[in-house]
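Observations on the model geometry
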Amino acid sequence: APIEGQVDVDIQAPELNPRFTMTLLKNTVVKPSPFWMTHRLKLIGQRPINNIVDVTNYITFEIGQPLHAYDYDELVKRNGENPILITRLAEGETIQTLDEVKRTIGANQIMVADSQGTLGFGGIMGGAETEISDRTTTVLLEAAAWNFINIRKTQQAQKVFTEAGTRFARNVHPSRTILGNKRGI
């Protein structure tokens, strides 16, 4: 389905976020992943969560392009129709990340946000407010490219190291985002 009119993107720091692609997946059913996927994720040290999150993690290892999944309905609740995702600098704001830690955003740390505030550290870890849950029926799948030096500095400053952040800190080419998004579908 066309995504136009359902979500917009405003990249305010293109030198830190040169590409941000999205796919909207409707009528999604969140359930346990198939055995073959959970087995493969466990073999590489990943904890299976559910079919949506597991696909994002699997693709990170399969092709090297990290993905992030948002609960689209939670974005709409926060913003009303047609939420706008913004990549921006947000020094001093706080966010509770997916690891349930409340973090204060430092100088020059690129964030994904909406009109209501910060949604996650770009390229490192999302926030808890829009995470995929058993109630999720519409998923906004993101594949983006991030400045590798900025990601490395943000991980060190925040003392948070993730598979996505590690890959982006090694410079994932922006052209991988389209492949990642297509593979995630």
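Computed from a predicted model, the values in this text were never measured in an experiment.

1. Some details on the overall build of the protein chain
When helices and strands are counted, the protein chain shows six helices and 10 strands. Whereas a compact globule of 185 residues would reach a radius of gyration of roughly 16 Å, the protein chain reaches 15 Å, a difference of no more than 12%. Its C-alpha atoms give the protein chain principal-axis dimensions of about 45 × 35 × 30 Å. Within the protein chain, the fraction of its 185 residues that count as buried is 51%. A separation of at least 24 residues holds for 68% of the contacts in the protein chain among residues at least 6 apart in sequence. In the protein chain, the 20 positive side-chain charges and the 20 negative ones have mean positions that sit 8 Å from each other.

2. Section: the sheet that holds strand β7 (residues 110–114)
The strand order across the open sheet formed by five strands is β1-β4-β7-β8-β9, and the pairing between neighbours is mixed. The open sheet has two edge strands with one neighbour each: β1 (8–11) and β9 (125–126). In this structure, strand β8 (residues 117–121) lies alongside β9, joined through two bridges in antiparallel fashion. Across the sheet, the residue bridging to Gly 120 is Gly 126, located in β9.

3. Observations regarding the pattern of salt bridges
Counted according to the given criterion, the structure contains seven salt bridges. In this structure, Arg 183 engages Glu 62 in a salt bridge whose closest nitrogen and oxygen atoms are separated by 2.7 Å. On the criterion of sequence distance, the pair formed by Arg 183 in helix α6 (residues 176–184) and Glu 62 in helix α2 (residues 51–63) is long-range, its members being 121 residues apart. Put simply, Arg 167 and Glu 163 hold a salt bridge, and the shortest N to O gap is 3.8 Å. Within this pair, Arg 167 and its partner Glu 163 are both found in helix α5 (residues 163–169), separated by four residues, close to a single helical turn. For Arg 167, a relative accessible area of 22% corresponds to the partly exposed category. Relative accessible area serves as the criterion here: at 35%, Glu 163 is assigned to the partly exposed category. Connected through salt bridges with shared partners, the residues Arg 78, Asp 114 and Glu 129 form a single ionic network.

Cut-offs used in this document
- Residues numbered from 1 in each chain as written.
- Predicted model: local features only at pLDDT ≥ 70, side-chain atom pairs only at ≥ 80, totals over all residues.
- Heavy atoms only, no water.
- Helix = DSSP H or I, 4+ residues; strand = E, 2+ residues; numbered from the N terminus.
- Rg over C-alpha atoms; globule rule 2.2 N^0.38 Å.
- Buried < 20%, exposed > 50% of the residue type's maximum accessible area, 1.4 Å probe, protein only.
- Contact = heavy atoms within 4.5 Å.
- Lys, Arg positive; Asp, Glu negative; His and termini not counted.
- Charge placed at Lys NZ, Arg CZ, Asp CG, Glu CD.
- Pairing = 2+ DSSP bridges.
- Salt bridge = Lys/Arg side-chain N within 4 Å of Asp/Glu carboxyl O.

Interpretation in functional terms is not warranted from these geometric data alone.
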